[in-house]
Amino acid sequence: MQFKNLRSIREDNDIKQKDVAKYLNVSQNTYSQYETGVISLTADILIKLADYYKVSVDYLLDRTDNPTTYK
């Protein structure tokens, strides 16, 4: 499953895949496969990405259009 919000938030912030991959301690290719849905996102990776972008996990998973994190 491809995650459009995951890709768009990265692009909207002018962040390169290699920079996010470095933050996650994975290769750029692995991160690219997360965005395209070739590799499934783990809970650990989702939490790290939500913290990195300061958005909710539901937003990253395209379950909502609201990026606000829950308190």
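Residues numbered from 1 in each chain as written. Predicted model: local features only at pLDDT ≥ 70, side-chain atom pairs only at ≥ 80, totals over all residues. Heavy atoms only, no water.

## Observations concerning the environment of Tyr59
Structurally, Tyr59 can be placed in helix α5 (residues 57-60). For Tyr59 and Leu6, which are 53 residues apart along the polypeptide, the C-alpha to C-alpha distance reads 8.1 Å. Discounting residues that sit within four places of it in the chain, Tyr59 has contacts with Asn5, Ile9, Thr64, Asp65, Asn66 and Pro67. (Helix = DSSP H or I, 4+ residues; strand = E, 2+ residues; numbered from the N terminus. Contact = heavy atoms within 4.5 Å.)

## Regarding the pattern of salt bridges
Following the criterion strictly, the structure yields five salt bridges and no others. One salt bridge in this structure joins Glu11 and Arg7, with 2.8 Å as the shortest N-O distance. Residue Glu11 and its partner Arg7 are both found in helix α1 (residues 4-12); the two are separated by four residues, about one turn of the helix. Glu11 sits in the partly exposed class, given a relative accessible area of 38%. Of the residues examined, Arg7 reaches a relative accessible area of 41% and is grouped as partly exposed. Notably, a salt bridge pairs Arg63 with Asp58, separated by 3.3 Å at the nearest N-O pair. Classification of Arg63 as exposed rests on a relative accessible area of 65%. (Salt bridge = Lys/Arg side-chain N within 4 Å of Asp/Glu carboxyl O. Buried < 20%, exposed > 50% of the residue type's maximum accessible area, 1.4 Å probe, protein only.)

## Some words on the packing of aromatic side chains
In total, this model carries three aromatic pairs according to the counting rule given. Each ring, one from Tyr23 and one from Tyr52, has its centre 4.6 Å from the other, and the planes form 40°; the classification is tilted. Placement of Tyr23 in helix α2 (residues 17-24) and of Tyr52 in helix α4 (residues 43-53) is noted, with a sequence separation of 29 residues between them. Residue Tyr23 is classed as partly exposed on the basis of its relative accessible area, which comes to 39%. Given a relative accessible area of 26%, Tyr52 falls into the partly exposed group. Ring centres of Tyr31 and Tyr34 lie 6.5 Å apart, and the angle between their planes is 85°; on these two criteria the pair is classed as edge-to-face. Of the two residues, Tyr31 and Tyr34 are both situated in helix α3 (residues 28-36); the distance of three residues between them amounts to about one turn of the helix. Of the residues examined, Tyr31 reaches a relative accessible area of 0% and is grouped as buried. Since its relative accessible area comes to 7%, Tyr34 is described here as buried. A connected cluster of aromatic rings, assembled from ring pairs, spans Tyr23, Tyr52 and Tyr53. (Phe/Tyr/Trp six-rings, centres within 6.5 Å; stacked < 30°, edge-to-face > 60°.)

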